[in-house]
Amino acid sequence: GVQLDKEGYHLLSCKYGGGPVWTHNTLVSGWSECLSDLLIHHQVEPRHRYANTEDRPDISFYDVDSGTTREADVAMAHPWSKDSIKRAATTPGHAAAKREERKAAK
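Computed from a predicted model, the values in this text were never measured in an experiment. (Residues numbered from 1 in each chain as written. Predicted model: local features only at pLDDT ≥ 70, side-chain atom pairs only at ≥ 80, totals over all residues. Heavy atoms only, no water.)

Peer 1: Any chance you could explain the pattern of salt bridges here in plain terms?
Peer 2: Opposite charge on two side chains permits pairing when their charged atoms draw close. If you walk through the whole model with that rule in mind, you get two salt bridges. Of the charged contacts in the structure, one is a salt bridge between arginine 56 and glutamate 45, with a shortest N-O distance of 3.4 Å. Highlighted residues: arginine 56 in the loop between β1 (42-44) and β2 (59-63) and glutamate 45 in the loop between β1 and β2, separated in sequence by eleven residues. Note on glutamate 45: relative accessible area 29%, which makes it partly exposed. (Salt bridge = Lys/Arg side-chain N within 4 Å of Asp/Glu carboxyl O. Helix = DSSP H or I, 4+ residues; strand = E, 2+ residues; numbered from the N terminus. Buried < 20%, exposed > 50% of the residue type's maximum accessible area, 1.4 Å probe, protein only.)

Given below as structure tokens:
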């Protein structure tokens, strides 16, 4: 086959073949492993967290210091994606900010 790009940018942003899903799941797994290493009890994608919806965080854990349950939602942004490339060089954090906006709008 033909190599798409040496740096692997295509794999990270292409919706076909599962690249973004694989990367997202790898990030969630990495965070879960870190929490386990720190002996912090947590759940990955806990179900039935909210009434009347299937929405769920990627990770939920109990914060002993504050006495509250914290939730984290992993989102990945790629600064070389087509929707970010024009602004990425001129606006620091552009790709991350746009990804956060899209994630919050879900």
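Peer 1: For this particular structure, what's the right way to read the pairing of strand β3 (residues 68-72)?
Peer 2: Side-chain direction in a regular strand flips from residue to residue, so the side chains alternate between the two faces of the sheet. Here five bridges tie β2 to β3, and the two strands are oriented antiparallel to one another. When the bridges of β3 are listed, isoleucine 59 appears paired with alanine 72. The turn joining β2 and β3, which pair antiparallel and follow one another in sequence, is formed by four residues; a positive phi near 75 degrees is taken by glycine 67. (Pairing = 2+ DSSP bridges.)

Peer 1: I would appreciate a short explanation of the sheet that holds β2 in the present structure.
Peer 2: Hydrogen bonds between backbone atoms are what pair the strands of a sheet, whose relative direction is either parallel or antiparallel. Read across the sheet, three strands follow the order β1-β2-β3 without closing on themselves; strand pairing throughout is antiparallel. Because the sheet does not close on itself, it has two edges, and the strands there are β1 and β3. Pairs of neighbouring strands in the sheet enclose a mean axial angle of 20 degrees, with direction left out of account. (Axes fitted to C-alpha atoms, helices over the stretch in contact; angles between N-to-C directions.)

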